[in-house]
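Given next are the chains, with one letter for each unit.
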Amino acid sequence: MKNKLKFLVNMSLRRKIKTKWFVLANVIFALLIAGLFNVDTIINAFGGDFDDAQKVYVIDNSNEEYNTFDILKKQSEEYKNMTNNSDEAFDFKRAKKDAKEIIEDDKDAWILVIDNDSENVIRAKLVSEGYASATEYAQITMIMNNVKSTLALAESNISASELAKISDPIELDREILDENKKSEAESTQMIMSTVFPLVILPFFALTIFLVQMVGAEVNDEKTTRGMEIIISNVSPKVHFFSKVIASNLFVLIQGALLIAYAAIGIGIRTYSGSNNILGATSFDISSLLDGIVSSDVTAQLGYVIPLALVLMILTFIGYALLAGILASMTTNTEDFQQLQMPIVILSLVGYYLAMMAGVFEGSLFIKIFAFVPFISAILAPSLLILGQIGIFEFVIAIVLMILTNYILIKYGLRIYKVGILNYSSKGLWKKMFKALRR
């Protein structure tokens, strides 16, 4: 039995790996993933620019005694420091020409026209050749609102020292009473809670791929009548387990390759010295890694990653078992594609709940779903990183997934034995329930 199982696993795995399509797909994956981590460098090579600040020429028609332009520059610097943005978003310059002349000389420049307003102190107009991004538009709007507030206070005859006290940003100190938690690790944990749902995106994609792969292979053997030849030589149990083992090995190999491609992309970025992904943002890879290493999150990841991997592997096995059982009940690929929709929806529920876990902190509804098999592999690790569940609850989720796999093997194998040699959908469900009652 072991030799037959090993033979079927090797044969199924070779059919998936030793193909030109597998090699071609992974070459494409490697280029895409490494390219995504270095997208700004690639765009720069073709004429794009993420490093230089946006030039904004200011035509200041306001009351000169308030030095509106100087206040604008100061507010820009304060905004930059407040957001910890190492790259200056805007480069404000005094304009000596009108807007149309500036645009004719520099198509990429913006013109900010500031005028007096009897009701609102000042009014501003942004002129550009093309569209402005939503992020930059929001940034410049916030800066101008701060300028307006400062000028309004100045008109109220407030002294310069008092005005400085009002306009200077506050530095918010942080104190956490829990002795086991450090304030330095809080910002890193916030980032991790945002990044982790993106990290588990490949798990979601591999799950869908796993389900489709098992179903397609079983349906292919049924359609070509190759199933009859195979089952005449091996038991349905051996055949069933060979599909589950081979598909999971393939998914784990593919997952390891995707991680390697991501590591190559980060390595290229670090080696090239471009740590900051898209200069307009404050997401700095090196700073993030340094923050993780210097905080308690490192110790947390020391047990989160192994537990998450165990739960994910168990969930992969569960999805493969479920896909094999459902595929045995169908007579063609189209029928299986309809049956796999609930599986896809189940995975989507887990993914979106993981995305919302940080927003709805402490939600009992989300915590309950962290114990639901299949969903728990995506949701439970996110809640564990956020501190909304502990290791004990995570272990319960693992135990529940083990019990689910046991039930699928015990009762699903009965359905599989009946379904794989059934080529008619007539009375199929009746035969399935009859097989379960045996």
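- The name given to the protein chain in an unreviewed UniProt entry is ABC transporter permease, with Candidatus Coprosoma intestinipullorum as the source organism.
- In the Subcellular location (unreviewed entry) part of its UniProt record, the protein chain is described as follows: "Membrane".

## Overview of the overall build of the protein chain
Part 1: A count of helices and strands for the protein chain gives 19 helices and 4 strands.
Part 2: In the protein chain, 74% of the contacts between residues at least 6 apart in sequence involve partners at least 24 apart.
Part 3: Accessible surface for the protein chain amounts to roughly 24900 Å². Of this, 62% is attributable to carbon and sulfur atoms.

## As for the UniProt feature "transmembrane region" (unreviewed entry) in the protein chain
Part 1: Summarizing the sequence annotation, UniProt attributes the feature "transmembrane region" (unreviewed entry) to residues 21-39, 190-211, 249-268, 303-327, 339-358 and 391-409 in the numbering used throughout.
Part 2: Along residues 21-39, the helical share is 95% and the strand share 0%, with 26 Å between the first and last C-alpha atoms.
Part 3: Taken end to end, residues 391-409 is 100% helix and 0% strand, and its two terminal C-alpha atoms sit 27 Å from one another.

## Observations regarding the confidence of the model for the protein chain
Part 1: For the protein chain, the average pLDDT comes to 77, and 75% of its residues sit at 70 or higher.
Part 2: Looking across the protein chain, the model is least confident in helix 12 (residues 285-294), with a mean pLDDT of 53, and most confident in helix 18 (residues 391-419), with 90.
Part 3: For the stretch residues 277-283, pLDDT sits under 50, and the model shows 21 contacts to residues farther than four places along the chain or on other chains.

## Here's the deal with the environment of valine 399
Part 1: Relative to the elements of secondary structure, valine 399 occurs in helix 18.
Part 2: A C-alpha to C-alpha distance of 9.5 Å links valine 399 and proline 373, two positions 26 residues apart in sequence.

## What to know about the nonpolar core
Part 1: Within the largest apolar cluster, 62 residues are counted, with the highest numbers of intra-cluster contacts made by Leu210, Phe240, Leu311, Leu379, Leu383 and Phe394.
Part 2: Elements with a contribution of two residues or more to this core: helix 2 (20-37), helix 9 (201-223), helix 10 (226-231), helix 11 (236-272), helix 13 (297-329), helix 15 (341-356), helix 17 (376-386) and helix 18.
Part 3: For this core, the element with the highest residue contribution is helix 13, accounting for 14 residues.
Part 4: The residues touching leucine 379, leaving out its near neighbours within four places in the chain, are Gly350, Leu353, Ala354, Ala357, Ile366, Phe369 and Ala370.
Part 5: In terms of nonpolar packing, the next biggest core, distinct from the first, is built from 17 residues, Phe69, Phe90, Ile140 and Ile143 among them.

## Describing the sheet that holds strand 3 (residues 110-117)
Part 1: Taken in spatial order, the 4 strands make up an open sheet running 2-1-3-4, and their pairing is mixed. Among the strands making up the open sheet, the edge pair consists of strand 2 (90-94) and strand 4 (121-128). Along the sheet, successive strands turn relative to each other by an average axial angle of 30°, direction set aside.
Part 2: The sheet contact formed by strand 1 (residues 54-61) and strand 3 spans 6 bridges and is parallel. When the bridges of strand 3 are listed, valine 56 appears paired with tryptophan 110.
Part 3: Against the sheet, helix 6 (residues 134-155) touches strand 1, strand 2, strand 3 and strand 4, its axis set at about 155° to strand 4.

## A look at the environment of lysine 100
Part 1: Following the sequence through the fold, lysine 100 ends up in helix 5 (residues 99-105).
Part 2: In this structure, the C-alpha to C-alpha distance between lysine 100 and valine 127, residues 27 residues apart in sequence, is 9.1 Å.

## Focus: the packing of helix 11 against helix 18
Part 1: Relative orientation of the contacting elements helix 11 and helix 18 amounts to 115°, with a least axis distance of 10 Å. Taken as axis vectors, helix 11 and helix 18 run roughly perpendicular relative to one another. Two packed elements cross with a definite hand, and for helix 11 against helix 18 that hand is right-handed. Together, Pro236, Lys237, His239, Phe240, Phe241 and Lys243 of helix 11 and Ile409, Leu413, Tyr416 and Lys417 of helix 18 make up the contact between the two elements.

## Side note on the pattern of salt bridges
Part 1: The full count for this structure, using the stated rule, is 4 salt bridges.
Part 2: Across the salt bridge formed by aspartate 91 and lysine 93, the nearest N and O atoms sit 3.3 Å from each other.
Part 3: By relative accessible area, aspartate 91 is classed as partly exposed at 24%.
Part 4: On the basis of relative accessibility, which here comes to 31%, the residue lysine 93 falls in the partly exposed class.
Part 5: Note that lysine 243 and glutamate 217 form a salt bridge whose closest N and O atoms lie 2.7 Å from each other. With lysine 243 in helix 11 and glutamate 217 in helix 9, this residue pair connects regions lying 26 residues apart in the sequence.
Part 6: Taking relative accessible area as the criterion, lysine 243 reaches 9% and is therefore assigned buried.
Part 7: Its relative accessible area of 11% is what places glutamate 217 among the buried residues.

## A look at the packing of helix 17 against helix 18
Part 1: At a minimum axis distance of 10 Å, the contact between helix 17 and helix 18 shows a crossing angle of 175°. Classified by the interaxial angle, the pair formed by helix 17 and helix 18 is roughly antiparallel. On the side of helix 17, the interface is formed by Ser376, Ala380, Pro381 and Leu384, while helix 18 contributes Ile391, Phe394 and Ala397.
Part 2: Of the residues assigned to the contact of helix 17 with helix 18, the class counts are 6 nonpolar, 1 polar and no charged.

## Some thoughts on a nonpolar patch on the surface
Part 1: A grouping of Tyr303, Ile391, Phe392, Val395, Ile396, Val399, Leu400 and Leu403 is seen on the molecular surface, where their side chains present a nonpolar patch of about 670 Å² in accessible area.
Part 2: It is helix 18 that contributes the most residues to the nonpolar patch, 7 residues altogether.
Part 3: Counting through the fold element by element, leucine 400 comes out in helix 18.
Part 4: A relative accessible area of 31% means that leucine 400 is categorised as partly exposed.

Conventions adopted
- Residues numbered from 1 in each chain as written.
- Predicted model: local features only at pLDDT ≥ 70, side-chain atom pairs only at ≥ 80, totals over all residues.
- Heavy atoms only, no water.
- UniProt positions renumbered as here; feature names shortened; annotations may be inferred.
- Helix = DSSP H or I, 4+ residues; strand = E, 2+ residues; numbered from the N terminus.
- Contact = heavy atoms within 4.5 Å.
- Areas by Shrake-Rupley, 256 points an atom, 1.4 Å probe, with all protein chains shown as cover.
- pLDDT = per-residue confidence, 0-100.
- Core = buried A, V, L, I, M, F, W, Y, C linked by side-chain atoms within 4.5 Å.
- Buried < 20%, exposed > 50% of the residue type's maximum accessible area, 1.4 Å probe, protein only.
- Pairing = 2+ DSSP bridges.
- Axes fitted to C-alpha atoms, helices over the stretch in contact; angles between N-to-C directions.
- Parallel < 35°, antiparallel > 145°, perpendicular 65-115°, else oblique.
- Left-handed = near helix turned anticlockwise from the far one by under 90°.
- Salt bridge = Lys/Arg side-chain N within 4 Å of Asp/Glu carboxyl O.
- Nonpolar A, V, L, I, M, F, W, Y, C, P; charged D, E, K, R; others polar.
- Patch = residues over 30% accessible without salt bridge, like charges linked within 9 Å, V, L, I, M, F, W, Y side chains within 5 Å.

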